[in-house]
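Fold and geometry: a report
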Amino acid sequence: MRLDFDPDTTGIGRFYRLLTAVVVPRPIAWVSTVSAEGVDNLAPHSFFTVACVAPPIVQFTSVGRKDTLTNVEATGEFVVNLANQANFAQINATGTDFPPTISEFDAVGLAREPSSKVKPFRVASSPAALECVLHSTVRLGDSTVVFGRVVHAAVAEEMCTDDLPDIERLRPLARLGRDEWGTVGEVLETTRIRHQDWPGHYRG
């Protein structure tokens, strides 16, 4: 037996909570921006993924109109800092609705690190950062999807194995349902089976 939910009758708030409890785990874009007035902003966004490989483009969604969106539209630049377990308390704290005149870096006590190709600072304690320039935005109902072309990536050397980030060292955070968060548990590893190697494949 299943419980059925109709978005037209369930209500936006409850259906949002249902969606975020079903679409799990969700990686977090810890986005740093700078306002037109020069104030540094930092906020977590849990609707985040890779959108394109060539050119490299990532996307995150601003649910409602947040300072992050305002700043990206004004300056055309942002940085996605990897949200890791070591920064758990600070990541959650940067989700507070500070006014746009207050920098979350200062409010929660995070050190800045200069970016290589964009103006917004990177989070110094984040193990990886993707520096982006705005590609485009798409408005969907009460939300805006932001697409950013990655112009530079920086990863802490100690987080890598064979020149690639190591999941066990990164310890990324993810959002779950309710007020729940998660991090890396058991890691499963396998290779994809080619059709020609599929058991019982007809070879003619």
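Just so it is clear, the structure is predicted and the values come from calculations on it, not from any experiment. (Residues numbered from 1 in each chain as written. Predicted model: local features only at pLDDT ≥ 70, side-chain atom pairs only at ≥ 80, totals over all residues. Heavy atoms only, no water.)

Describing the sheet that holds strand E1 (residues 26-27)
Threshold: The pairing criterion for strands is at least two bridges between them, as found by DSSP. Strands here mean DSSP runs of E at least two residues long; helices mean DSSP runs of H or I at least four residues long; both are numbered from the N terminus.
As summarised here, the arrangement of the 3 strands in space is E1-E13-E14, forming an open sheet in which the pairing is antiparallel. Pairing within the sheet leaves two strands with one partner each, and these edge strands are E1 and strand E14 (181-182). Relative to strand E13 (residues 174-175), E1 is paired through 2 bridges, and the arrangement is antiparallel. Bridging from a neighbouring strand, Arg-26 pairs with Arg-175 of E13.

Quick word on the packing of aromatic side chains
Inclusion rule: Only the six-membered ring of Trp is used, alongside the rings of Phe and Tyr, when aromatic pairs are assigned; centres must lie within 6.5 Å, and planes under 30 degrees apart are stacked while those over 60 apart are edge-to-face, with the rest tilted. Two conditions define a charge located above a ring, namely a distance within 6 Å from the ring centre to NZ of Lys or CZ of Arg, and an angle within 35 degrees of the ring normal.
Tallied over the entire structure, the rule returns 3 aromatic pairs. Above the plane of the ring of Phe-121 lies Arg-112, whose end atom (NZ or CZ) is 6.0 Å from the centre. For the cation-ring pair, Arg-175 lies above Trp-181, with the distance from its terminal atom to the ring centre recorded as 4.9 Å.

Thoughts on the pairing of strand E4 (residues 48-52)
When E4 meets strand E5 (residues 57-63), the two strands line up antiparallel, connected through 4 bridges. Note on E5: the bridge partner recorded for Cys-52 is Ile-57. Where E4 folds back on E5, the antiparallel hairpin that results is connected by 4 residues.

Considerations on the pattern of salt bridges
Put simply, the test is: Put simply, a salt bridge is a Lys or Arg side-chain nitrogen that is within 4 Å of an Asp or Glu carboxyl oxygen. Here the term buried applies to any residue with accessible area under 20% of the maximum for its type, exposed to any over 50%, and partly exposed to those in between, with areas from a 1.4 Å probe on protein chains only.
Inspection of the entire model under this criterion finds 7 salt bridges. As a salt-bridge pair, Arg-65 and Glu-73 come within 2.3 Å of each other at their nearest N and O atoms. On the basis of relative accessible area, Arg-65 is assigned to the exposed category, the value being 54%. The salt bridge involving Arg-171 is made with Glu-168; its shortest N-O contact spans 3.6 Å. What you see here is one network of salt bridges that share partners, running through Asp-40, Asp-106 and Arg-112.

Quick look at the environment of Arg-112
To be explicit about the condition: Throughout this description, a polar contact denotes any pair of N or O atoms lying within 3.5 Å of each other; where both atoms belong to protein, one of them has to be capable of donating a hydrogen while the other can accept it, and for residues adjacent in sequence the pair is counted only when both atoms sit in side chains.
Structurally, Arg-112 is set in strand E7 (residues 112-113). With 68 residues separating them along the chain, Arg-112 and Glu-180 place their C-alpha atoms 27 Å apart. Side chain to side chain, Arg-112 and Asp-40 meet in a polar contact 2.8 Å long. A polar contact of 2.9 Å, which involves the side chain of Arg-112, links it to the side chain of Asp-106.

Overview of the nonpolar core
Where we set the bar: Buried residues of nine kinds, namely Ala, Val, Leu, Ile, Met, Phe, Trp, Tyr and Cys, make up a nonpolar core once their side-chain atoms join them within 4.5 Å. Only heavy atoms enter the contact rule, under which two residues are in contact if any of them lie within 4.5 Å.
Membership of the largest hydrophobic core is limited to 12 residues, which are Ala-29, Val-31, Phe-48, Val-58, Phe-60, Leu-69, Val-72, Phe-78, Val-80, Cys-132, Val-146 and Val-150. Of all the secondary structure elements, the ones that give two or more residues to this core are strand E2 (29-34), E5, helix H3 (67-75), strand E6 (77-82) and strand E10 (143-155). Other than its neighbours up to four places away in sequence, Val-150 contacts Pro-56, Val-58, Leu-130, Glu-131 and Cys-132.

Quick look at a negative patch on the surface
Where we set the bar: What goes into a patch is any residue over 30% in relative accessible area without a salt bridge, connected to like charges within 9 Å or, for nonpolar side chains (Val, Leu, Ile, Met, Phe, Trp, Tyr), within 5 Å. Areas reported as accessible are Shrake-Rupley estimates using a 1.4 Å probe. Residue values count occlusion only from the protein chains shown. In summary, the charge assignment counts Lys and Arg as positive and Asp and Glu as negative, without counting His or the chain termini. Working definition for charges: the position is that of NZ of Lys, CZ of Arg, CG of Asp or CD of Glu.
On the surface, Glu-157, Glu-158, Asp-162 and Asp-163 cluster together to form a negatively charged patch. Locating Glu-157 in the fold gives a position in the loop between E10 and strand E11 (160-161).

Comments concerning the sheet that holds strand E3 (residues 40-45)
Stated precisely, the cut-off is as follows: For helices, the axis comes from a line fit to the C-alpha atoms of the stretch in contact; other axes are also lines fit to C-alpha atoms, and the angle between any two N-to-C directions lies between 0 and 180 degrees.
Taken together, the 7 strands give an open sheet; going across it, the order is E3-E2-E6-E9-E10-E5-E4, and neighbouring strands pair in antiparallel fashion. Bordering the open sheet on either side are E3 and E4, each of which pairs with just one other strand. Strand after strand, the sheet turns through a mean of 35 degrees between neighbouring axes, direction not considered. Bridging between E5 and E10 involves 7 bridges; their strand directions are antiparallel. Looking across to E10, one finds that Val-63 is bridged to Ser-143.

Concerning the side chain of His-45
Within the secondary structure, His-45 is located in strand E3. Given the relative accessible area of 5%, His-45 is considered buried. Polar side-chain contacts of His-45 include one of 3.2 Å to the side chain of Thr-68. Discounting residues that sit within four places of it in the chain, His-45 has contacts with Pro-27, Ile-28, Ala-29, Val-31, Phe-60, Thr-61, Ser-62, Lys-66 and Thr-68.

Geometry only, nothing functional implied.
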